[in-house]
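Overview (structure and organization)
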Amino acid sequence: MPKFPLSGSSDRLAWTDIVDGLKSRKIWLLLAWHEVKLRYRRSTLGPFWITISMAITIYTMGILYGHLFKMDLAVYYPFLATGILGWNLISLIINDATVTFVNAEQFIKQMKQPYSAFMFQSVTRNFIIFFHNILVLVPLVLFLHLRINVSTLFVLVSLLILWINAVAYSTILALLGTRFRDIPILIASLMQVVFFLTPIMWSPAILPLRYHYVIDLNPFAQFMELFRNPLLGMLPSRYALVTTLSLTILGVFSAFIIFSRYRARIAYWL
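Residues numbered from 1 in each chain as written. Predicted model: local features only at pLDDT ≥ 70, side-chain atom pairs only at ≥ 80, totals over all residues. Heavy atoms only, no water.

Some remarks on helix α12 (residues 219-231)
Over its 13 residues, α12 extends 19 Å from the first C-alpha to the last, a length consistent with the 18 Å expected when each residue adds 1.5 Å. In terms of residue burial, α12 counts as a mostly covered element, since 10 of its 13 residues are buried. Listed as buried for α12 are Ala 221, Gln 222, Phe 223, Met 224, Leu 226, Phe 227, Arg 228, Asn 229, Pro 230 and Leu 231. Of the surrounding secondary structure, the elements contacted by the buried residues of α12 are α4 (73-97), α7 (115-133), α9 (154-179), α11 (213-216) and α13 (238-262). Backbone nitrogen of Phe 220 and a side-chain oxygen of the N-cap are separated by 2.9 Å at the start of α12; the cap is Asn 218. At the C-terminal side of α12, Gly 233 shows a positive phi close to 85°. (Helix = DSSP H or I, 4+ residues; strand = E, 2+ residues; numbered from the N terminus. Expected span 1.5 Å × (residues − 1). Buried < 20%, exposed > 50% of the residue type's maximum accessible area, 1.4 Å probe, protein only. Contact = heavy atoms within 4.5 Å. Polar contact = N/O pair within 3.5 Å; in protein donor to acceptor, adjacent residues only side chain to side chain.)

Points about the nonpolar core
Leu 162 and Phe 227 are the most contacted members of the largest nonpolar core, which totals 48 residues. For this core, the secondary structure elements donating two or more residues are α3 (48-68), α4, α7, α9, α10 (183-197) and α12. No other element matches the 13 residues that α4 contributes to this core. If near-sequence neighbours (up to four positions away) are discounted, Phe 227 is found in contact with Thr 82, Leu 85, Gly 86, Phe 130, Val 155, Ser 158, Leu 159 and Leu 162. Within the second largest apolar cluster, 12 residues are counted, among which are Ala 14, Ile 108, Ala 174 and Phe 259. (Core = buried A, V, L, I, M, F, W, Y, C linked by side-chain atoms within 4.5 Å.)

Regarding the pattern of salt bridges
In the structure shown here, the tally under the stated rule is 4 salt bridges. Across the pair Arg 263 and Asp 17 runs a salt bridge whose closest N-O atoms are separated by 2.9 Å. Here Arg 263 is found in the loop between α13 and α14 (266-269), whereas its partner Asp 17 is found in helix α1 (residues 9-23), with 246 residues between them in sequence. In this structure Asp 17 comes out as buried when scored by relative accessible area, which is 3%. Glu 105 is paired through a salt bridge with Lys 109; the nearest N and O atoms lie 2.8 Å apart. (Salt bridge = Lys/Arg side-chain N within 4 Å of Asp/Glu carboxyl O.)

Regarding a nonpolar patch on the surface
The grouping of Phe 48, Leu 135, Val 138, Val 141, Leu 142, Phe 143 and Ile 148 at the surface amounts to a nonpolar patch, some 670 Å² of accessible area in total. Among the elements that line the nonpolar patch, the one with the most residues is helix α8 (residues 138-143), at 4 residues. When you line up the elements, Leu 142 lands in helix α8. (Patch = residues over 30% accessible without salt bridge, like charges linked within 9 Å, V, L, I, M, F, W, Y side chains within 5 Å. Areas by Shrake-Rupley, 256 points an atom, 1.4 Å probe, with all protein chains shown as cover.)

As structure tokens, this is what we get:
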């Protein structure tokens, strides 16, 4: 792993924490999977209940909104399914991030563990749920001929970018949520507003040109395109790529600076 020149002891401790967190990946991977299983203990279908619930939501909403927007269901269903799939991943990560350290209070106070490991665990748990939910696309591939081509492979790059952003921005939100306990409620409320401002149920094509700034200035819309387009057999636009990569760089550097400065205060805030 490359070594970067660090300006002070807090930076070194933060960097060591991140490295130790990555080294303990077997632990947080196992804990993430175990936590998903515990939510559905003694259930016959286990975590697949999440997938069934999402499938029911998608296929019932598709009929209603497809007719409201006067769109061909063969086109609208893949658009809606990939949108809800991506949004569910992003919204779960953000909402869980605000309470990551609060939920891990007993572990933080009782044993020495890299703080970053809790972030990796939280993000990984939601990616595990996502890989369960991706099964909702199977009927679309079989019956609505959802396009699968070379561009579909780009979704692997999209998921990598999403994972890096998830860890970076979750770190910032986790610190804010630990210091200010109103943050989780505020973020949950804001996410409901962002849901309607992001092209998840509605297509950008129906938005008048003079209101297109709602999409252009919405970072969630760019991440949605980054994720959705490969699943629909298309590459993301250059604008979406540049925006998401810029936000990735900004997020990584901002998260490291904030984490190195406030890492030592986490235990005292709990």
